[in-house]
Amino acid sequence: MAQLPAKTSQRVSQDIVRAARRQRAARIYNARKEQWRFRMRRLRRAFLAMAGIYIAGLVAALVLGGVSFTAGLLTFLLGVAVFVVLSIFPATPRTHVEDLNAASLPELAGSTELWLEGKRKALPTAAVDAVDMIGVRLEQLAPQLAMLDERGPAAREVRKLLTEHLPEMVNSYTRIPAQLRGKTGSGGTSPSEQLVDGLCVIADQIEAMSEDLSRNDVDALATRGRFLEVKYLDKE
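Notes on the structure in this doc start here. All values derive from a computational prediction rather than experimental measurement.

So, on to the overall build of the protein. Helix and strand content of the protein: nine helices and zero strands. Going residue by residue from the N terminus, the α and β elements of the protein occur as α-α-α-α-α-α-α-α-α. Evaluated residue by residue, the protein yields a buried proportion of 34% over its 236 residues. A sequence separation of at least 24 residues applies to 73% of the contacts in the protein between residues at least 6 apart. If you sum the accessible surface of the protein, you get close to 14,500 Å²; carbon and sulfur atoms cover 60% of it.

Printed below as a string of structure tokens:
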């Protein structure tokens, strides 16, 4: 098969990256809308709780024919305290590694993308394109995961990649002191370069898994279980 010219291939790659960034912008916009909805629900709950306390105090005052200044002040302070606490807690939910392990297969791709998005600020600038590409691959993979048998070998390999290899790669990088991340090690590459290479490998593996699933080639998917470890993890 004839190969695309280098300029054409580069242009195609840049088009994919730009599309990934547009999709990421849309995902962030939707995620922020959901966060604001969560905060508004929290504020509404806090306001209703405070109003309930004041109404209960007013009813008690009417029934008892009045209350002391101290009781009124305590009721007011209790309402304020309840409002402050409920307007802050529970905190806006974030996705953690433990949530990835607990996620069902249909939820796994989306949960992984949210977790990776939360780690974006801790990653080097050079990793941005790789992270965007992983997001695109996960979107492609998500509907296929909904069709998998949770107990099958294909599901195990997908879970291993998304809940073990990817988080360990990112977390091992973030544990390195910031001043050492850009320094070249004995292998001739810096931790930042190793991370970018590893994320690119994971993006490729997600795409390959998606292709295997589209062909219903479970055996091919199962043989990919050691690829990432040989390609990247065993070198650490």
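Within this structure, the stated rule accounts for one aromatic pair. Stacked on the ring of Trp36, the Lys or Arg Arg39 has its end atom at 5.1 Å from the ring centre.

With that out of the way, let us pick up helix 4 (residues 105-119). Look at helix 4: 22 Å from first C-alpha to last across 15 residues, which is about the 21 Å you get at 1.5 Å a residue. By the burial criterion, the buried members of helix 4 are Leu105, Leu108, Ala109, Ser111, Thr112, Glu113, Trp115 and Leu116.

For the rest of this paragraph, the subject is the side chain of Arg159. Mapped onto the elements, Arg159 comes out in helix 6 (residues 153-174). If we ignore the near neighbours within four places in the chain, the residues touching Arg159 are Leu100, Asn101, Ala103, Ser104, Leu105, Leu108, Glu150 and Glu164.

Another point: the packing of helix 5 (residues 128-145) against helix 7 (residues 191-214). Close contact between helix 5 and helix 7 brings their axes to 9 Å; oriented N to C, the two are set at 20°. Comparing their axes, helix 7 and helix 5 come out roughly parallel. Of the two elements, helix 5 crosses helix 7, and the hand of that crossing is left-handed. Contacts from Ala130, Val131, Met133, Ile134, Arg137, Leu138, Gln140, Leu141 and Gln144 of helix 5 reach helix 7 at Leu199, Cys200, Ile202, Ala203, Ile206, Glu207, Ser210, Leu213 and Ser214. Split by residue class, the contact of helix 5 with helix 7 holds twelve nonpolar, four polar and two charged.

Procedures and definitions
- Residues numbered from 1 in each chain as written.
- Predicted model: local features only at pLDDT ≥ 70, side-chain atom pairs only at ≥ 80, totals over all residues.
- Heavy atoms only, no water.
- Helix = DSSP H or I, 4+ residues; strand = E, 2+ residues; numbered from the N terminus.
- Buried < 20%, exposed > 50% of the residue type's maximum accessible area, 1.4 Å probe, protein only.
- Contact = heavy atoms within 4.5 Å.
- Areas by Shrake-Rupley, 256 points an atom, 1.4 Å probe, with all protein chains shown as cover.
- Phe/Tyr/Trp six-rings, centres within 6.5 Å; stacked < 30°, edge-to-face > 60°.
- Lys NZ or Arg CZ within 6 Å of the ring centre and 35° of its normal.
- Expected span 1.5 Å × (residues − 1).
- Axes fitted to C-alpha atoms, helices over the stretch in contact; angles between N-to-C directions.
- Parallel < 35°, antiparallel > 145°, perpendicular 65-115°, else oblique.
- Left-handed = near helix turned anticlockwise from the far one by under 90°.
- Nonpolar A, V, L, I, M, F, W, Y, C, P; charged D, E, K, R; others polar.

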